[in-house]
Structures are given as C-alpha cells and as structure tokens.
Amino acid sequence: VLRMQQQAGMVREQAMTLHNLARTYEDSRQWDLAQTTFAQALDLAHGLKYLRVEAYAQRGLAAVKVARGDATGALADLARATALRRAVPDVRLAAQIDLEKGRALHLAGRLAESRAVLQQARGVFKSADSAAELVSTDRELALVEAAVGEWHAAYLTQAEAAQQQEQLLSHQRDQRF
C-alpha cells in the first residue's frame, strides 16, 4: 500500500498509513519499528502541515519513550502533541494524549497528576464507548491508585477493566461468528 501511495504521490495518505502501521507496532510492543515508523509519519505530516497526524505521531513517539522508561522525553513529546492538538478539534486525540501523559507522569512518580489526567481521559473514553482505550486507561489508573495506597479504588478500577475486557472480547467473538 505504501509503495502504491508513494508512486501515486499520495503523501497525505502515506502519513496516515505510516501512523496506522506504527500503531500496530506499538500494540505489538515492537518499539524500534514503532519509533521509526512514527518518526516517518511525523516527518511527512510536518512537511504537509498535517497537524492531526503530527499530533498522533508525537503521541506515539511518547508511548515508545514511556515503554523505554524515558518519562522526561515522553512528557516533552506530549507537550508538542498537546500544542498541535489545540489546532485540531479532536476530543479522542486529546484523551489519547492524556492517557499517555498519565503513564509518563506515573513513570516520573508524579502520581497525583497522573491520576487526575487518567481520570479525565477515562471520562472521554467512557462517554465515547471506546472500550479498548477505556480498558487501557482503567488498568493504568488502577496501578496509580495502588501506588498512592488507594487499594479499594485500585481493586474496583481493575475489576471494571477486567469486566470491560471480557465484554470487548465477547463482542469481538460475536462479530467473528
């Protein structure tokens, strides 16, 4: 697909395809490939002044940095993603940035800030019925709640994440058969 887009001069589509490919690498925890592919998407989007894909790619680069233990670098990428996102009316993107920011703040030991940002992202994902992202947010939130000693809240949040995961898998199974 990328080769066809390159041959046809479809640079905007290449940027989106690269981002989607990078998300697949991110989801499968192939961090080197994710980083390279997010960077390629960012370069193309930046050249086109395609702010939405730039912001999504910055969020992706931050996710790679969080996975590698670089909270400072991740927070810098997320600050750039947030600045770009302000020019693009995309509530889901804002929540995805907040989810990654919550992870980075947790990694940095800034637990109260992490918890607040994760709760904000959770509200968006819940109202949008974004099940997979809600599960990820709840799992991270449960870890933060446990880290601050809120054991009961952590248990309830983790239980809700497990229930949501089961519903998501059941829904996927139902669609398949």
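Just above, that's the structure.
Residues numbered from 1 in each chain as written. Predicted model: local features only at pLDDT ≥ 70, side-chain atom pairs only at ≥ 80, totals over all residues. Heavy atoms only, no water.

Chemist: Before we go on, may I ask you to explain the packing of helix α6 (residues 91-107) against helix α8 (residues 131-147) in this structure?
Modeler: When two helices pack together, you describe them by how their axes are tilted relative to each other and by the distance separating the axes. Packing of α6 against α8 leaves a shortest axis separation of 10 Å and a crossing angle of 30°. It follows from the interaxial angle that α6 and α8 lie roughly parallel. In this structure, α6 meets α8 at a crossing whose hand is left-handed. For the pair α6 and α8, contact is made by Arg92, Gln96, Leu99, Gly102, Arg103 and His106 and by Glu133, Ser136, Thr137, Glu140, Leu143, Val144 and Ala147, respectively. (Axes fitted to C-alpha atoms, helices over the stretch in contact; angles between N-to-C directions. Helix = DSSP H or I, 4+ residues; strand = E, 2+ residues; numbered from the N terminus. Parallel < 35°, antiparallel > 145°, perpendicular 65-115°, else oblique. Left-handed = near helix turned anticlockwise from the far one by under 90°. Contact = heavy atoms within 4.5 Å.)

Chemist: So what exactly am I meant to see when it comes to the environment of Thr17 here?
Modeler: Its place among the elements puts Thr17 in helix α2 (residues 11-27). Exposure remark for Thr17: the relative accessible area of 22% places this residue in the partly exposed category. With 16 residues separating them along the chain, Thr17 and Val1 place their C-alpha atoms 8.2 Å apart. Those residues within four positions of Thr17 in sequence are excluded, and the remaining contacts are Val1, Leu2 and Gln5. (Buried < 20%, exposed > 50% of the residue type's maximum accessible area, 1.4 Å probe, protein only.)

Chemist: What should I look at first to understand the layout of surface pockets in this one?
Modeler: Where empty space is left becomes clear once a probe the size of a water molecule has been rolled over the atoms. A volume near 680 Å³ is recorded for the largest pocket. Every element with two or more residues in the lining of the largest pocket is listed here: α2, α4 (51-67), α6, α8 and α9 (151-176). Residue composition of the lining of the largest pocket, grouped by class: 10 nonpolar, 4 polar and 10 charged. Empty space within the second largest pocket amounts to approximately 180 Å³. What lines the second largest pocket is Leu75, Leu78, Ala79, Thr82, Arg85, Arg86, Ala94, Ile97, Asp98 and Lys101. Listing elements by their share of the lining of the second largest pocket, those giving two or more residues are α5 (71-85) and α6. (1 Å grid on protein atoms, 1.4 Å probe; cavity = no way out; pocket = protein on both sides within 12 Å on 5 of 7 lines; lining within 4 Å. Points joined across faces, edges and corners; volume = space filled by probe spheres on them. Nonpolar A, V, L, I, M, F, W, Y, C, P; charged D, E, K, R; others polar.)

Chemist: Which parts of the structure should I look at to understand α5?
Modeler: An α-helix turns once per 3.6 residues; consequently, residues spaced three or four apart project the same way. Look at α5: 20 Å from first C-alpha to last across 15 residues, which is about the 21 Å you get at 1.5 Å a residue. By the burial criterion, the buried members of α5 are Ala71, Gly73, Ala74, Leu75, Asp77, Leu78, Ala81 and Leu84. Contacts made by the buried residues of α5 are with α4 and α6. (Expected span 1.5 Å × (residues − 1).)

Chemist: Even after reading the chapter, I still don't get the side chain of Thr137, so can you show me in this structure?
Modeler: By secondary structure assignment, the location of Thr137 is in helix α8. Its relative accessible area of 0% is what places Thr137 among the buried residues. The contacts of Thr137, once residues within four sequence positions are left out, are Leu99, Leu118, Ala121, Arg122 and Phe125.

Chemist: I would appreciate a short explanation of unusual backbone geometry in the present structure.
Modeler: For residues that are not glycine, phi is negative in most cases, and the peptide bond is trans in most cases. Its identity as a non-glycine residue notwithstanding, Lys49 has a phi of 60°, on the positive side. Tracing the backbone shows Lys49 in the loop between α3 (31-48) and α4. Classification of Lys49 by relative accessible area gives exposed; the value is 66%.

Chemist: What exactly am I supposed to notice about the side chain of Asp90 here?
Modeler: For Asp90, the location among the structural elements is in the loop between α5 and α6. A distance of 2.7 Å separates the side chain of Asp90 from the side chain of Arg52, its partner in a polar contact. Side-chain polar atoms of Asp90 contact the backbone nitrogen of Arg92, separated by 3.3 Å. When neighbours within four sequence positions are excluded, Asp90 is seen to be in contact with Arg52, Tyr56 and Arg85. (Polar contact = N/O pair within 3.5 Å; in protein donor to acceptor, adjacent residues only side chain to side chain.)

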